[in-house]
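Okay, here's what each chain looks like letter by letter:
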Amino acid sequence: MIGLALFDTAIGRCGIAWAEHAIAGVQLPEVDERETRSRLARRFTEVQDATPAAHAQRAIDAIIALLRGEPVDLAPITLDLSGVPAFNQRVYQVTRTIPPGCTLTYGDIASRLGSAGSARAIGQALGRNPVPIIVPCHRVLAAGGKLGGFSAHGGGSTKQRMLAIECGNGPLFR
């Protein structure tokens, strides 16, 4: 069974799905609560609304704090990435090393993976990120520090808002 719960953050109502010992999915806010729940539930066949397990509650608390602007490290959160392609998992590992308030480009991640020229594939992997915020895809920018795409509701404006929260509304730095 996969548990599902919604929770309030500074950017809206998010969702989280968890397995027995790990987080399986996070959903950034959609147009409304029903759509947030629906988008998360479509990714799991046996999802059930539940009171968050202890590890899920710790993840929720950390996400809320991060989106309040607190310098929280989400790297210790255990993820269940079963079914995620190996290349995507490698991209997510590198992305999880980007500290709050910092950014990398798609090309930077390609270099760290030893896969020069794979920036487009990295963008596609991040667009399929099942655990945004925990895998901080919002911290990945296009070449030249341009905002680039963002698959969450609100697109680039949501990405910009999340980065502004982490940076204390100051300039982004790499």
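A brief look at the structure comes next. Owing to the predicted nature of the structure, the values given are computational and were not obtained by experimental measurement.

### Describing the sheet that holds strand β1 (residues 2–9)
Think of a sheet as strands paired side by side through backbone hydrogen bonds, with each pair either parallel or antiparallel.
Part 1 of the reasoning: One open sheet accounts for 4 strands, arranged β3-β2-β1-β4; its pairing is mixed. The sheet is open, and its two borders are formed by β3 (23–27) and β4 (47–49), each paired with just one other strand. Here the average twist between neighbouring strands, direction ignored, is 30 degrees.
Part 2 of the reasoning: Note: strand β2 (residues 12–18) against β3, 4 bridges, orientation antiparallel. Of the residues in β3, the one forming a bridge with Ala 17 is Gly 25.
Part 3 of the reasoning: Across the sheet, helix α2 (residues 54–66) lies against β1, β2 and β3, angled at about 25 degrees from β1, the strand it touches most.

### Let's talk about the packing of helix α4 (residues 106–113) against helix α5 (residues 119–127)
Part 1 of the reasoning: Where α4 contacts α5, the two axes come as close as 8 Å, and the packing angle between them is 105 degrees. On the basis of the axis angle, α4 is roughly perpendicular to α5. On the side of α4, the interface is formed by Tyr 106, Gly 107, Ile 109, Ala 110 and Leu 113, while α5 contributes Ala 119, Ile 122, Gly 123 and Leu 126.
Part 2 of the reasoning: Each residue belonging to the contact of α4 with α5 can be placed in one class, and the counts come to 7 nonpolar, 2 polar and no charged.

### Section: helix α6 (residues 155–166)
Part 1 of the reasoning: Between its first and last C-alpha, α6 extends 17 Å over 12 residues, near the 16 Å set by a 1.5 Å rise per residue.
Part 2 of the reasoning: The complete set of buried residues in α6 reads Gly 155, Thr 158, Lys 159, Met 162, Leu 163, Ile 165 and Glu 166. Down the axis of α6, the sector holding all buried residues measures 160 degrees, keeping them to one side.
Part 3 of the reasoning: Check the buried side of α6 and you find it contacts α2, α4 and β6 (140–141).
Part 4 of the reasoning: Positive backbone phi, approximately 65 degrees, marks Gly 168, located one or two places after α6.

Each value, and the rule that gives it
Residues numbered from 1 in each chain as written. Predicted model: local features only at pLDDT ≥ 70, side-chain atom pairs only at ≥ 80, totals over all residues. Heavy atoms only, no water. Pairing = 2+ DSSP bridges. Helix = DSSP H or I, 4+ residues; strand = E, 2+ residues; numbered from the N terminus. Axes fitted to C-alpha atoms, helices over the stretch in contact; angles between N-to-C directions. Contact = heavy atoms within 4.5 Å. Parallel < 35°, antiparallel > 145°, perpendicular 65-115°, else oblique. Nonpolar A, V, L, I, M, F, W, Y, C, P; charged D, E, K, R; others polar. Expected span 1.5 Å × (residues − 1). Buried < 20%, exposed > 50% of the residue type's maximum accessible area, 1.4 Å probe, protein only. Arc of directions from axis to C-beta.

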